[in-house]
Amino acid sequence: MLDTTEVMVVASSLVAAAATALFFFGPRKRTRAKSETGGAQQVDLMVDGGYRPDRIVVRAGMPVKLNVLRTDRSACSEQFVLGDLGVSRTLPTGRVVSIDLPALKEGAYDFTCGMNMLRGRLIAES
Ligand SMILES: [Cu+2]
């Protein structure tokens, strides 16, 4: 028979394993456009060794303004590419670059750095 301490140890390691699995394989956090001003959905995107958030949900059928702030200085993140939409922009460090996107059809649009290493996804839903 297991005593109480052993049960606690087993239970807590199971919880830790579940949390680890959820972290790596669970649904990613999805962030919605924060507001709609000037006829466009406003989305803030931070670039700092990766994209935050890296899952952005917007409404299909309404233009999107991506306000991108890059805070790191790595050459990797300097280029911002939204290939499906023909967007490629250079991001200076420490200055917000606003990128206007047209109204999107429902679907997923991946964005990457110039080398295809950093990845994020814009998801248009109706
Ligand atoms: Cu890169």
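Scroll up for the structure.
Reading the values: rules and limits
- Residues numbered from 1 in each chain as written.
- Predicted model: local features only at pLDDT ≥ 70, side-chain atom pairs only at ≥ 80, totals over all residues.
- Heavy atoms only, no water.
- Helix = DSSP H or I, 4+ residues; strand = E, 2+ residues; numbered from the N terminus.
- Buried < 20%, exposed > 50% of the residue type's maximum accessible area, 1.4 Å probe, protein only.
- Salt bridge = Lys/Arg side-chain N within 4 Å of Asp/Glu carboxyl O.

Before going further, it helps to spend a moment on unusual backbone geometry. Looking along the chain, the bond that leaves Arg-52 and enters Pro-53 is cis, with omega of -5°. Mapped onto the secondary structure, Pro-53 falls in the loop between strand S4 (51-52) and strand S5 (55-59). Of note, Asn-116 is a non-glycine position whose phi angle comes to about 70°, a positive value. Here Asn-116 lies in the loop between strand S10 (107-112) and strand S11 (119-125). Exposure remark for Asn-116: the relative accessible area of 42% places this residue in the partly exposed category.

Bringing the pattern of salt bridges into the picture now. Within this structure, the stated rule accounts for 7 salt bridges. The shortest N-O distance in the salt bridge between Arg-70 and Asp-72 comes to 3.5 Å. Each member of the pair, Arg-70 as well as Asp-72, carries the same accessibility label: buried. A salt bridge links Arg-121 to Asp-110; its shortest N-O distance comes to 2.7 Å. One end of the pair, Arg-121, is in strand S11; the other, Asp-110, is in strand S10, and 11 residues separate them in sequence. Residue Arg-121 is classed as partly exposed on the basis of its relative accessible area, which comes to 30%. Overall, the relative accessible area of 30% leaves Asp-110 in the partly exposed class.

The quantities given are spatial measurements derived from coordinates; they are silent on function.
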